[in-house]
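For reference, the chains in residue letters:
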Amino acid sequence: MQVIGVVNFKGGSGKTTTAAHLAQHLTLQGYRVLAIDLDPQASLSALHGYQPEFDVEENGTLYGAIRYDDARRELSEIIRQTYFLGLDIVPGNIELMEFEHETPKALAMRQSGDPLFFARVARALATVQDRYDVVVIDCPPQLGFLTLSALCAATAILIPVHPQMLDVMSMCQFLIMTSDLLAVVAKAGGNMNYDWMRYLVTRYEPGDGPQAQMVGFMRSLFGDRMVTNMMLKSTAISDAGITKQTLYEVSRDQFTRATYDRAMESLDSVNGEIQSLIQAAWGRA
Ligand SMILES: Nc1ncnc2c1ncn2[C@@H]1O[C@H](COP(=O)(O)OP(=O)(O)OP(=O)(O)O)[C@@H](O)[C@H]1O
Ligand SMILES: [Mg+2]
C-alpha cells in the first residue's frame, strides 16, 4: 500500500486540488484508493460531498481512530464511500484540532504501551491495508502533530509549490523545520523512509517570466526531485472548484474546448508521472 502525504505549510499551494485530482485519477485507473482529509478546514471532504459541519458526525474523522482515550474507534467504521465510484474517504472537520491539543498532554503522561503521536496514523492505516492500493492524505497548512503523524505514516511525499518567490521561500522554511522535527521523531523511533518524494509545480502560468525563473531555480535546486510535468493554472480547475467539483467531474462543454483540453492534458501528465512513481515503488516499472 502506497501512502502519499500531500504536504506544505504554505496555505493555498494547491495541496487539496492536487490530492483530490490524484485520488480520482488513480481511482479511474482502477486502483483501490482511500483519500484522507487531515485538514480541520475539510476542503477535500467538501469537494467529495461531505460538508464538515453537517455531514460528519462526532468521531467521524481520522481523529476518531487516533485519539488517546477510550472513545477511539476502528478506522474501518469511519471510512465512507464517495459518489466517485471506487473512491473512499475519511472526512475531516474541526474535531481534528483535538489531536493538536491532546498530544502534548499524552506526551506528558506517557502511558507505556500506547503508541506515541507519530505512530498513530500508521497504526490506524495498518488495519485497512488489505483494502487499498493507495492512500492519499491531504494535510493541513501547518506543521503540527497531525502533519507530522501523516509524514510518519507516509511511504511517499508530494509537495505542491506555487512557483513564486514568497511561496518558495516559505516552502524552504517548511523543509528546514520539517527536517529538524523529523530528526527528533526519528530518534524516538519514527519511520522516515520514503519510496519517493517530489516537488510539484502548481498553478503554473507559462507566459509569466518570474514564474519561469522560479521554476528554473527550483530545478537547479531539486533536480530530479521535481515532477517533470507541471500543473497549469486553469479557469477550468478553479471554476470546477467553485461548484465543489474536480476537472474529472465537470463536463467538457462547460468550457471552451481548448481550456478544458489544456487543463486535462496537464493534469493527466502530472498524475501519470506520479502513477509511474507508484509502480516503480512496487517494482513494476
Ligand atoms: N491548477 C489550478 N488552476 C487554477 N486554480 C487552481 C489550481 N490549483 C488550485 N487552484 C485554486 O487555488 C486555490 C488554492 O488551492 P488548494 O485549496 O488546492 O490549496 P491548498 O494548499 O489545499 O490550500 P490550504 O493550505 O488552504 O489547504 C483554490 O481556490 C483552487 O481552486
Ligand atoms: Mg487544502
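Residues numbered from 1 in each chain as written. Chains lettered and ligands numbered in written order. Predicted model: local features only at pLDDT ≥ 70, side-chain atom pairs only at ≥ 80, totals over all residues. Heavy atoms only, no water.

Student: I tried to follow the packing of aromatic side chains on my own but got confused; where do I start?
Tutor: Any two aromatic rings considered together are summarised by their centre-to-centre distance and by the angle between their planes. Under the definition given, this model contains 6 aromatic pairs. Judged by centre distance (5.7 Å) and plane angle (5°), the rings of Tyr68 and Phe99 are stacked. You can see Tyr68 sitting in the loop between α3 (63–66) and α4 (75–78) and its partner Phe99 sitting in helix α5 (residues 97–109), a full 31 residues away along the chain. As far as the burial class goes, Tyr68 and Phe99 line up, both buried. Ring geometry for Tyr199 versus Phe222: centroids 3.9 Å apart, planes at 20°, classification stacked. Taken together, the residues span a long stretch of sequence, with Tyr199 in strand β7 (residues 196–201) and Phe222 in helix α9 (residues 209–222) at a distance of 23 residues. Classification of Tyr199 as buried rests on a relative accessible area of 5%. On the basis of relative accessibility, which here comes to 13%, the residue Phe222 falls in the buried class. Ring-pair connections join several aromatic residues into one group, and the members of that group are Phe117, Phe118 and Phe145. (Phe/Tyr/Trp six-rings, centres within 6.5 Å; stacked < 30°, edge-to-face > 60°. Helix = DSSP H or I, 4+ residues; strand = E, 2+ residues; numbered from the N terminus. Buried < 20%, exposed > 50% of the residue type's maximum accessible area, 1.4 Å probe, protein only.)

Interpretation in functional terms is not warranted from these geometric data alone.
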